[in-house]
Each structure stands twice: as C-alpha cells, then as structure tokens.
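Report on the structure
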Amino acid sequence: MTLFSRIAEFPVQIETIDFIKHEQDTSSDFTRKTTEIILSGKGKSGRGEDVTYEADEHDAVDEQQPDFPLAGAFTLGDFSELLEEMDLFFGRDPGHKAFCNYRRWGFESAALDLALKQAGTNLAKVFGLQYNPVEFVVSTRLGDSPSMERLEQLLKANSELKFKLDPTPEWTPDLMDQIAATDTVRILDFKGLYENTIVDNPPEPWLYRELIARFPDAVIEDPADTEEIRKIIAPEKERLSWDYPVKHIQSIEELPFSPRWLNIKPSRFGSLKALLDTIDYCRKHEITMYGGGQFELSVGRDQIQGLASLFYPDSPNDVAPGVYNMPEVTGTEAPLSPLKPADDLTGFEWKYDNS
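Residue numbers here run from 1 along each chain, matching the order of that chain's written sequence. With the structure being a predicted model, the display of local features is reserved for residues of pLDDT at least 70 and the display and counting of side-chain atom pairs for 80 or more, all residues being used for whole-chain, interface and lining totals. By convention in this description, side-chain values take in all heavy atoms of the structure and omit both hydrogens and water.

Topic: the overall build of the chain
If you tally the helices and strands in the chain, you get 13 helices and 12 strands. The C-alpha radius of gyration of the chain comes to 20 Å, within 12% of the 20 Å expected for a compact globule of 355 residues. With the principal axes as the frame, the chain shows a C-alpha extent of 60 × 45 × 40 Å. Relative accessibility decides the category of a residue: with a 1.4 Å probe and only protein chains considered, values under 20% of the type maximum give buried, values over 50% give exposed, and everything between is partly exposed. Classification of the 355 residues of the chain by burial places 56% in the buried group. Note on contacts: a residue pair is in contact if any heavy atoms of the two residues lie within 4.5 Å. Pairs at least 24 residues apart make up 67% of the contacts formed inside the chain by residues separated by at least 6 positions. Summing over all exposed atoms, the chain offers an accessible surface of approximately 15600 Å²; the carbon and sulfur share of this is 46%. Between the centroid of the 36 positive side chains of the chain and the centroid of its 63 negative side chains there is a distance of 4 Å. Under the scheme used here, helices are H or I runs from DSSP no shorter than 4 residues and strands are E runs no shorter than 2 residues, and both carry numbers assigned from the N terminus. Note on method: radius of gyration uses C-alpha positions; expected globular size equals 2.2 Å times residues raised to 0.38. To be clear on the numbers: accessible area is Shrake-Rupley with a 1.4 Å probe, and residue cover counts the displayed protein chains and nothing else. His residues and chain termini do not enter the charge count, which takes Lys and Arg as positive and Asp and Glu as negative. Taken as the charge centre is NZ of Lys, CZ of Arg, CG of Asp or CD of Glu, depending on the residue.

A few points about the packing of aromatic side chains
Two aromatic rings, drawn from Phe, Tyr or Trp (for Trp, its six-membered ring), form a pair once their centres lie within 6.5 Å of each other, and the interplanar angle then sorts them: stacked below 30 degrees, edge-to-face above 60, tilted otherwise. Under the definition given, this model contains 9 aromatic pairs. An angle of 75 degrees between the planes, with centres 6.4 Å apart, marks the rings of F19 and F107 as edge-to-face. Of this pair, F19 sits in strand 2 (residues 16-25) while F107 sits in helix 4 (residues 97-118), and the two are 88 residues apart along the sequence. Take F19: its relative accessible area is 9%, and that puts it in the buried class. Between F99 and Y102 the ring centres are 5.8 Å apart and the planes differ by 40 degrees, which places this aromatic pair in the tilted class. Pair noted here: F99 and Y102 are both in helix 4, with a separation of 3 residues, about one helical turn. Using a relative accessible area of 10% as the deciding quantity, one classes F99 as buried.

Thoughts on the sheet that holds strand 3 (residues 31-41)
A strand pair is defined by DSSP finding two or more bridges across the two strands. Reading across from one edge, 2-3-4 is the order of the 3 strands in this open sheet, with antiparallel pairing throughout. The two strands at the open ends of the sheet, each matched to only one other strand, are strand 2 and strand 4 (44-50). Recorded for the sheet is a direction-independent mean angle of 25 degrees between the axes of neighbouring strands. Sheet topology note: the strand 2/strand 3 ladder contains 10 bridges and is antiparallel. Looking across to strand 3, one finds that E23 is bridged to K33. Axis definition: a line fitted to C-alpha atoms, over the contacting stretch in the case of helices. Angles run 0 to 180 degrees between N-to-C directions. Contacting strand 3 and strand 4, helix 13 (residues 299-311) crosses the sheet at an angle of about 90 degrees to strand 4.

Quick look at the side chain of T35
Structurally, the position occupied by T35 is in strand 3. Relative accessible area serves as the criterion here: at 2%, T35 is assigned to the buried category. Within 3.5 Å is the distance limit for a polar contact, defined as a pair of N or O atoms, with the added protein rule that one can donate a hydrogen and the other accept it, and that residues adjacent in sequence qualify only through two side-chain atoms. There is a polar contact of 2.7 Å between the side chain of T35 and the side chain of H58. Residues in contact with T35, not counting those within four places in the same chain, are F19, I20, G48, E49, D50, H58 and V61.

Notes on the pattern of salt bridges
When a carboxyl oxygen of Asp or Glu is within 4 Å of a side-chain nitrogen of Lys or Arg, the pair counts as a salt bridge. For the structure on display, the rule yields 25 salt bridges. Of the charged contacts, one joins E108 and R104 as a salt bridge, the two residues approaching to 2.9 Å between their closest N and O atoms. One end of the pair is E108 and the other is R104, both in helix 4 and 4 residues apart, which spans about a single turn. Across the pair D302 and K351 runs a salt bridge whose closest N-O atoms are separated by 2.8 Å.

Here's the deal with the nonpolar core
Burial of nonpolar side chains together is a common tendency in soluble globular proteins. Here, nonpolar core refers to any group of buried Ala, Val, Leu, Ile, Met, Phe, Trp, Tyr and Cys residues whose side-chain atoms link them within 4.5 Å. Ranked by size, the top nonpolar core spans 101 residues in total, and within it I179 and Y324 carry the most contacts. The contact partners of I179, leaving out residues within four places of it in the chain, are L142, M148, L151, L165, W171, V185 and F215.

Below, the structure written as structure tokens:
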C-alpha cells in the first residue's frame, strides 16, 4: 500500500478560506514573504504555507483576499485533482513555473492538515510510524565578499552546529581552509543547475576540485551538468545529491547520475501524491533522503520538520528552526539538534520541545 493511498480517501469538509501574509528580514539580505493558507470546516482549521519567492504575489493575495471556489466536501485525492485544474494565481502570471507548485503545496498541505484534524488523528498514526528527534543543519551563504563572519556568529550561538553551505567562485583557498578546519560542513550546495535566478552559480572546475579535496565527507548537491564537471565528480558518486530538478519520480530517473542522496523539498512537488510517491521510491531504491526548506516563515517549517521526523530524522536535514535565518542569532534563542517532537501532535502539524 503506497503512502498516498493511505490518505487519498480521507474526507475533508471545507467551509471557508483565509490568508495571512508573513514577512521577515533574512541573513541572505532579502525580505522574505510567504502566505499562510487556512482552510476551515466542521470547527477545525488546516494550515499550509505558499513559499512563492515573488513578493508581489503575496502582496496581491493579502490585498485581494481572493475567494477561491473550494467550499465543499471532498476526498483528499479529489481535492488534489481539483487544484490541478485551477488557476491559483487568479489571472496573474506567476513569473516562474515552479511557483505554481509552491502555491499548490500550500493548499494541499492545508487540506491534509484539515482532513487529519477532522478525523482526530495525525500523520504518524495514519502511516503507522512514530515521530523521532530531527537532526538539522543550518543553510547559509557567506555573502558577496565571503568571510568566516557568519559561521563564527552561528558557532558562537551554538558550538554544535553543522552546516549546508553554498560555495561560490569568490571563495578563496584560504577561506576554504578556514571553513574546513571547523569540521562542521555536511553539505556543499553548488547550485549548478539554476538558470536566470539570483543564486545561479557558474560551473568553475577549479572550485569543484578545491572543495572536493578539502571536504572529503561532505555531500555534493546539485553539481553543474557539463562534460568537465562530470569528469571531476564521477569518482564521488557515493556522495552526490540532487535538489533543484527533483519534482517527481520521473525527474529522478532523468538525473545525469543515479542518486545516492536526495534533498526532499515538499513545495517543489506541488502535490501530496508526487511527494509521497517519491518518498516511497527512495525507500524502495535505498536512496538516502534529507529534508530541505524554502525560507518558510510559519507552519510550512513545522511541516518539513514533521516529514523529516517521520522519514529521515537522522539525515543532515536543512530544516533548522527559523531563528537561524535571522540576520543576528544569539545563544539564548538557538535550539540544539536534534529537535525533540512535542507530545499530542494533531493533523499535519509538528512542534519541537527542547525544554
């Protein structure tokens, strides 16, 4: 029985829909905006988060509070099929195809949360699993003029932190040596497959050679797909991982190398079926999964932590509490890894209790 088949027939009654805009300055020098989607019915509310990166799209929802035609009684499977046919941007061009999946995930995760709460259960019980403490790493960039400043600040707040870093051609060999000396890097995200975004990273062969040599145990995520880069990373197949292209099972089978690792970002999949089928696939093919996020500001972060808690709790999960995305982090507010699950969780919610 597939994971999705365990939830597809769950009934969900939707009566009203509401939106709440969230906004926060981040350590990456931009203001993040997201929209919390709230579906309510039968005295319960289910929540999801739209992580579309275009700030104007969140402003538009906040200003217009659109009335989507979603009231009614559905199964989760039927509700998902309905979303497939809907214009969730109400006539606006979202600007990037991926944003359609991001917004759809906000609705699907809210519907799942509501259905489970209306049934008086949670995701762990439905899947016959248990919530486990979640290991996490902190994902951060080191700025346009990279230095040790950000890492030193974070390690001062929490000396046990491990990191997922985005190396760029501005990294010098001396900086690489300083970072390597901390023995804290679990993942190097080369962002080699992005195009026309602010995080595009050129495929510099020297950079790959230097980093692969200095960080022999780090997972190598999203290397560029060029002939020269392929030759460099070919001996490192056991630690190759993918994130940006992974949206469904077919996208995994089309990767340039068969993966040993995958970064699972639920919002990239859009639908619950695509996400859960992919988790099934990874478990069957013994692919190590770890959770990833998109600067979630509200319930979306709890949900990616919850999925990690169920399916890949011991991995280097990029699901750190939101405080680690703040421009300034102090030790008094910095939770330690692993995050211990709270008691009495309901729906698709997940909370940690490290008291």
